Amino acid sequence: MSAIYIHHIDTAVPEISYPQEQIGSVMLEQIDPESKGARLLRRVYKHSGIEKRHSVIRDYVDYDHDGLFFDATSDSYKSPSTRDRNDLYSIEARKLFLEVSRRVIEGCPGMDTNDITHVITVSCTGFFAPGPDFYIVKDLELDPSTQRFHLGFMGCYAAFPALKMAEAFCIADPEAVVLIACLELCTLHLHPSEEIDGIVATSVFADGASSAIVSARPPSGENTSLKFIKLLSTIAPNSEEDMAWSIGDHGFDMVLSTYIPRILEANVGSIVTTLLKEVGLERADIDRWAIHPGGRAILDKTAQALDLNEDSLSESRRVLRDFGNMSSATILFVLKEILESEAAQTDEKIFAMAFGPGLTVESALFTRV
């Protein structure tokens, strides 16, 4: 069987970004400042590990117009309908999908638009048809016969099923070149809340896009690449109610239980051991860890469960600090940081992991080449 590689990873974010402190202040203004929820909000935002987040929503800085989310006169939250939020998604997602897809092709040595045979798009924060897969082919002027697929409503782990699909396509056809594009506009669905689950969600989620080129072609050597070793999917027991999405009248409603870090702490050790055992490795053989930064507590508990030192998750913490949690797009941000590290070494073993509704845990083992 031919070896399969991630040849290049690229990312893109909306031009607008907000300091975490500012977003916390905006949310605090919409609830009773003396309530228990307000006290929780201040504590959660202060200890989030996030400095700024990007968003397609301009309302927090542009007060000269009556925004979709905030009334410019009263400075109050307007709670737009799901349709209005999705209409904005349809406009902004198409632009950002195109930008991140163009970037990854232009940055991949030896590849151009004529090489792309498959497009896989990933998103859980909006819908439109024809979908983003169609517009990537159309706007980048790819061959009309390019095979197209879309993965929707899977959440933070969805980049891994996309990678599995790409791997399968490349095994079936060694000449295949697969473009993966993950995009989430999570901030379209955030709203003020005094409940802990809602507060946690508004404190971490952000907007962003990431992309990857996957192929069985040998890497050019101009960029560092990742060679697929093994991918694994599993479900944490008795956890389906702790992380979930549903469609509400005023956006998509997120359940993000505070129990998630403890559930992961109890399960990630055995998950890692299972995957490594299948390839004849042990935890000590792993050189780098790419853990989805779903939140500071998730990284802390995962590090404790795997007995990792502070530096082991430096790339994940840096992505959390600078971008927040961008759902499915986030893990490729972390892998990009690792690929571009000045301390990178050939043949490093990289263990990647992401978590999502279910509670589903997806993991992958790569070798740097």
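Provided above is the structure to which this section pertains.
Bear in mind the structure is a predicted one, so any value in this text is a computation, not a measurement.

Topic: the overall build of the chain
Reasoning step 1: Helices and strands together make up the secondary structure of the chain, namely ten helices and 15 strands.
Reasoning step 2: Its C-alpha radius of gyration of 20 Å places the chain within 12% of the 21 Å reference for a compact globule of 369 residues.
Reasoning step 3: Dimensions of the chain, computed from the C-alpha atoms along their principal axes, are close to 60 × 50 × 35 Å.
Reasoning step 4: Within the chain, buried positions represent 57% of all 369 residues.
Reasoning step 5: Once local pairs closer than 6 in sequence are excluded, the contacts in the chain between residues at least 24 apart make up 77%.
Reasoning step 6: Roughly 15,400 Å² of accessible area belongs to the chain as shown, and the carbon and sulfur atoms make up 47% of that amount.
Reasoning step 7: A gap of 3 Å separates the mean positions of the 33 positive and 55 negative side-chain charges of the chain.

Comments concerning the pattern of salt bridges
Reasoning step 1: Using the criterion set out here, one finds 18 salt bridges in the structure.
Reasoning step 2: When the shortest N-O distance is used, the salt bridge between Lys164 and Glu362 registers 2.9 Å. Of the two residues, Lys164 is situated in helix α5 (residues 159-172) and Glu362 in strand β15 (residues 360-368); the sequence distance between them amounts to 198 residues.
Reasoning step 3: Among the salt bridges present, the one from Arg288 reaches Glu315, with a minimum N-O distance of 2.8 Å. Of this pair, Arg288 sits in strand β13 (residues 288-291) while Glu315 is found in helix α9 (residues 314-323), placing the two residues 27 residues apart along the sequence. Glu315 shares its class with Arg288; the two are buried.
Reasoning step 4: Residues participating in the shared-partner salt-bridge network are Arg288, Glu315, Glu348 and Arg368.

Concerning the packing of helix α1 (residues 20-28) against helix α2 (residues 36-46)
Reasoning step 1: Across the interface, α1 lies against α2 with an axial gap of 10 Å and an inter-helix angle of 170°. When the axis of α1 is compared with that of α2, the two are roughly antiparallel. Residues Gln20, Ile23, Gly24, Met27 and Leu28 of α1 pack against Ala38, Leu41, Arg42 and Tyr45 of α2.
Reasoning step 2: Taken together, the residues of the contact of α1 with α2 sort by class into six nonpolar, two polar and one charged.

A look at the side chain of Thr125
Reasoning step 1: Position of Thr125 relative to the elements: it lies in the loop between β6 (118-123) and α4 (132-139).
Reasoning step 2: Among the polar contacts made by the side chain of Thr125, one reaches the main-chain amide nitrogen of Leu185 at a distance of 2.9 Å.

Quick look at the sheet that holds strand β9 (residues 207-215)
Strands belonging to one sheet form pairs held by backbone hydrogen bonds; the direction of such a pair is parallel or antiparallel.
Reasoning step 1: In space, the nine strands of this open sheet follow the order β7-β6-β8-β9-β1-β10-β15-β14-β13, with mixed pairing throughout. Of all the strands in the sheet, just β7 (147-152) and β13 have a single pairing partner and so form its edges. Here the average twist between neighbouring strands, direction ignored, is 25°.
Reasoning step 2: With nine bridges joining them, strand β8 (residues 177-185) and β9 adopt antiparallel strand pairing.

Notes on a positive patch on the surface
Reasoning step 1: Together, Lys36, Arg39, Arg42 and Arg43 make up a region of like positive charge exposed at the surface.
Reasoning step 2: Here Arg39 is to be found in helix α2.
Reasoning step 3: Judged by its relative accessible area of 47%, Arg39 falls in the partly exposed class.

Concerning helix α7 (residues 260-278)
Reasoning step 1: Look at α7: 26 Å from first C-alpha to last across 19 residues, which is about the 27 Å you get at 1.5 Å a residue.
Reasoning step 2: Bending of α7 peaks at approximately 40° at the position of Asn267.
Reasoning step 3: Residues of α7 that are buried: Ile260, Pro261, Ile263, Leu264, Asn267, Val268, Gly269, Ile271, Val272, Leu275 and Leu276.
Reasoning step 4: After α7 finishes, the residue Gly280 shows a positive phi value of roughly 75°.

Details of the environment of Asp197
Reasoning step 1: Looking at where Asp197 falls in the secondary structure, it is placed in helix α6 (residues 196-204).
Reasoning step 2: Between the alpha carbons of Asp197 and Met243 there is a distance of 9.7 Å; along the sequence they are 46 residues apart.

Let's talk about the packing of aromatic side chains
Reasoning step 1: Tallied over the full model, the rule gives ten aromatic pairs.
Reasoning step 2: Ring geometry for Phe128 and Tyr135: centres 6.2 Å apart, planes at 45°, overall tilted.
Reasoning step 3: For Lys52, the ring lying beneath its charged end belongs to Phe323, and the centroid distance is 5.3 Å.

Here we look at unusual backbone geometry
Reasoning step 1: Note the cis peptide between Ala129 and Pro130, where omega equals 0°.
Reasoning step 2: Structurally, Pro130 can be placed in the loop between β6 and α4.
Reasoning step 3: In this structure, Ser79 is a non-glycine residue whose phi angle is positive, near 50°.
Reasoning step 4: Accessibility expressed as a relative area gives 27% for Ser79, which makes it partly exposed.
Reasoning step 5: The phi torsion at Asp347 lies on the positive side, around 75°, for a residue other than glycine.
Reasoning step 6: On the secondary structure map, Asp347 appears in the loop between α10 (330-339) and β14 (349-356).

What about the pairing of β13?
Reasoning step 1: Neither face of β13 is exposed, since Arg288 and Ala290 on one face and Trp289 and Ile291 on the opposite face are all buried.
Reasoning step 2: Here four bridges tie β13 to β14, and the two strands are oriented parallel to one another. From the neighbouring strand, Ile291 faces β14, where its bridge partner is Met353.

Analysis parameters
Residues numbered from 1 in each chain as written. Predicted model: local features only at pLDDT ≥ 70, side-chain atom pairs only at ≥ 80, totals over all residues. Heavy atoms only, no water. Helix = DSSP H or I, 4+ residues; strand = E, 2+ residues; numbered from the N terminus. Rg over C-alpha atoms; globule rule 2.2 N^0.38 Å. Buried < 20%, exposed > 50% of the residue type's maximum accessible area, 1.4 Å probe, protein only. Contact = heavy atoms within 4.5 Å. Areas by Shrake-Rupley, 256 points an atom, 1.4 Å probe, with all protein chains shown as cover. Lys, Arg positive; Asp, Glu negative; His and termini not counted. Charge placed at Lys NZ, Arg CZ, Asp CG, Glu CD. Salt bridge = Lys/Arg side-chain N within 4 Å of Asp/Glu carboxyl O. Axes fitted to C-alpha atoms, helices over the stretch in contact; angles between N-to-C directions. Parallel < 35°, antiparallel > 145°, perpendicular 65-115°, else oblique. Nonpolar A, V, L, I, M, F, W, Y, C, P; charged D, E, K, R; others polar. Polar contact = N/O pair within 3.5 Å; in protein donor to acceptor, adjacent residues only side chain to side chain. Pairing = 2+ DSSP bridges. Patch = residues over 30% accessible without salt bridge, like charges linked within 9 Å, V, L, I, M, F, W, Y side chains within 5 Å. Expected span 1.5 Å × (residues − 1). Bend = angle between axes of the 7 residues up to and from the residue. Phe/Tyr/Trp six-rings, centres within 6.5 Å; stacked < 30°, edge-to-face > 60°. Lys NZ or Arg CZ within 6 Å of the ring centre and 35° of its normal.

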